[in-house]
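Secondary and tertiary structure notes
Each chain, letter by letter, is given below.
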Amino acid sequence: MAPAKARLGLLVLLILLYFPRKTESHWWLISQVFALGAKVMCNSITGLISIQRQMCLDNPDVMVSIGKGAKLGVEECQHQFRDQRWNCSTVNGDATVFGKVMRRASRETAFVYAISSAGVVHEVTRSCSLGELKDCSCRNKKGRSRKGFEWGGCSDNIQYGLNFAKAFVDSREVEKDARALMNLHNNHVGRRVVKTNMSLDCKCHGVSGSCSVRTCWKSISSFRIVGQHLREKYTTAVQVTVGQSGGELTNAEVSYKKPSRDDLVYLEDSPNYCMVDSNTGSLGTSGRECNGSASDTTGACSLLCCGRGFNTIQIEEEYKCHCKFHWCCYVKCQTCRRTTLAGSEIEKIRPSPKPCFKI
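Residues numbered from 1 in each chain as written. Predicted model: local features only at pLDDT ≥ 70, side-chain atom pairs only at ≥ 80, totals over all residues. Heavy atoms only, no water.

1. Overview of the pattern of salt bridges
Within this structure, the stated rule accounts for 11 salt bridges. Between Asp-170 and Arg-191 there is a salt bridge whose closest N-O contact spans 3.0 Å. On the criterion of sequence distance, the pair formed by Asp-170 in the loop between helix H6 (158-169) and helix H7 (178-196) and Arg-191 in helix H7 is long-range, its members being 21 residues apart. Residue class for Asp-170 comes out buried when judged on its relative accessible area of 11%. With a relative accessible area of 5%, Arg-191 lands in the buried category. Because the salt bridges share partners, they merge into one network encompassing Lys-166, Asp-170 and Arg-191. (Salt bridge = Lys/Arg side-chain N within 4 Å of Asp/Glu carboxyl O. Helix = DSSP H or I, 4+ residues; strand = E, 2+ residues; numbered from the N terminus. Buried < 20%, exposed > 50% of the residue type's maximum accessible area, 1.4 Å probe, protein only.)

If you want it as C-alpha cells, here you go:
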C-alpha cells in the first residue's frame, strides 16, 4: 500500500457536490491542487462545509477516491446522453460543470445527483478493496451460504463505500426543503443501484474440475452497468411535490402516494434543450452530429435538430479489406474505399446553408 503522503502528491481532480442556497443553483466545484498534505489540500477546496472539511482532514486518502468517483459520474452521464438533446454538456471556463441546467429541479438534475452519488460509492468501495485506504479493506466473509456455496476470497466492502458517500455527499442538504428532499432521494437511488448490482463471483474446487465445492465473493459491477440502470430510471422518473406534512415527497399526479425508493424524482419539467437559452442553461443542439438514416430514435436528426432541418456531408474513407492469410506467416489485405453520410443541423442564419460542424 502506497504511503498516504505519496498519494497526496499526485494532481487530484476533485469534483464536489455543492448546492448554495442563496443563489438556488447546483454546481460541481472543480479544484486541481497539488496536495502537499491533508491540511493544505482540504483548506484549498472552496465550498466545503465544516463537516466535509473535517472528513477531508481525517480521511485525505478517501478524498482522492471521491474526486475520481465524481469524475467517473460525469463521464458516464456524458456517455449515456451522448445522442440526446441534453447530452450532459459541461461548461468550460465557468465556475460550474453543468452550468445553469442544474438550477432547475428537473429529471436531468435528478440523474446527475444519482450518477454522481453512485460514482463516489463505486470508487470509494473499489479503493477500499485495493488496499488504498488506511482504515478500510475488503471483507473476508466466512461460512456456508443458503445457496450451498462457501464464502471465500475477499468481497468488496460496499458498506464502507455507502456509509462514507452518504455522510459526505448528503451533509450538504441541511435545509430539508423540497429541493433538498429531492436531492437526498436521488443520492440514495444512485447508491442503491451500485449495491443491488453487485455480482457474485465464484471459483470451483474439486477433483478434475468437478466443482464439488464453490467458494464465492461479491464484487461491484462495471460502472457502465450502473449507468445503464440509472438511464432507465431517468426515463421512468416520477414528478413529485411536497406532501402536506412538508417533510416528505409525494407523487404529483397521485395524491398521498409516495415515490418508490428506487425511483428517480424531480419537481419541475425540463426545457426542450433545442435552442441556446441563457436562462435555463441550455446549450442547444446546433452543430451536433445526427443519424440521418434513423427515424425518431436515439440520435436521429428529427430528434436532435428539433425540426430545423439538417445538412448531409459525404465522407470517403479507406479501410483494409479482402484480407488473406499466406503461409507462412503473414496477412495481406487490399485497400478499399467506402462512402458514409453524416448529418448536421442547417445553419439558417447564413444565406447559403452550411454544416454546423466540420468532419
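2. Brief notes about the packing of helix H5 (residues 107-129) against helix H8 (residues 223-235)
With their axes 10 Å apart at the nearest point, H5 and H8 run at an angle of 155 degrees to one another. Overall, the two elements H5 and H8 adopt an arrangement that is roughly antiparallel. The handedness of the crossing between H5 and H8 is right-handed. Where H5 approaches H8, its residues Arg-107, Glu-108, Phe-111, Ala-114, Ile-115, Ala-118, Gly-119 and His-122 are matched on the opposing element by Phe-223, Val-226, Gly-227, Leu-230, Arg-231, Tyr-234 and Thr-235. A per-class count over the contact of H5 with H8 returns eight nonpolar, four polar and three charged. (Axes fitted to C-alpha atoms, helices over the stretch in contact; angles between N-to-C directions. Parallel < 35°, antiparallel > 145°, perpendicular 65-115°, else oblique. Left-handed = near helix turned anticlockwise from the far one by under 90°. Contact = heavy atoms within 4.5 Å. Nonpolar A, V, L, I, M, F, W, Y, C, P; charged D, E, K, R; others polar.)

3. Let's talk about the pairing of strand E6 (residues 238-242)
Summarising the sheet, E6 and strand E8 (residues 265-266) pair through two bridges and their orientation is parallel. Residue Val-238 lies in a different strand from E8, and its bridge partner there is Val-265. Relative to strand E7 (residues 249-251), E6 runs antiparallel, the two being bridged by three bridges. When the sheet's bridge partners are listed, Val-240 is paired in E7 with Asn-251. (Pairing = 2+ DSSP bridges.)

4. Focus: a positive patch on the surface
A grouping of Arg-139, Lys-141, Lys-147, Lys-195, Arg-214, Lys-218 and Arg-261 is seen on the molecular surface, where their side chains present a positively charged patch. Among the structural elements, Lys-147 can be located in the loop between H5 and strand E3 (150-151). (Patch = residues over 30% accessible without salt bridge, like charges linked within 9 Å, V, L, I, M, F, W, Y side chains within 5 Å. Areas by Shrake-Rupley, 256 points an atom, 1.4 Å probe, with all protein chains shown as cover. Lys, Arg positive; Asp, Glu negative; His and termini not counted. Charge placed at Lys NZ, Arg CZ, Asp CG, Glu CD.)

5. Re H8
An ideal rise of 1.5 Å per residue puts 18 Å on 13 residues; H8 measures up with 19 Å between its terminal C-alpha atoms. Among the structural elements, helix H4 (60-80), H5 and H7 are those in contact with the buried residues of H8. (Expected span 1.5 Å × (residues − 1).)

6. Thoughts on the side chain of Arg-231
Along the chain, Arg-231 turns up in helix H8. Buried charge Arg-231 goes without a salt bridge, the closest partner of opposite sign being Asp-83 at 5.8 Å. At 3.5 Å, the side chain of Arg-231 and the backbone oxygen of Gln-80 are in polar contact. (Polar contact = N/O pair within 3.5 Å; in protein donor to acceptor, adjacent residues only side chain to side chain.)

7. Here we look at the side chain of Arg-191
At a separation of 3.0 Å, a polar atom in the side chain of Arg-191 contacts the side chain of Asp-170. Excluding residues within four positions of it along the chain, Arg-191 makes contact with Ser-117, Val-121, Leu-162, Ala-165, Lys-166 and Asp-170.

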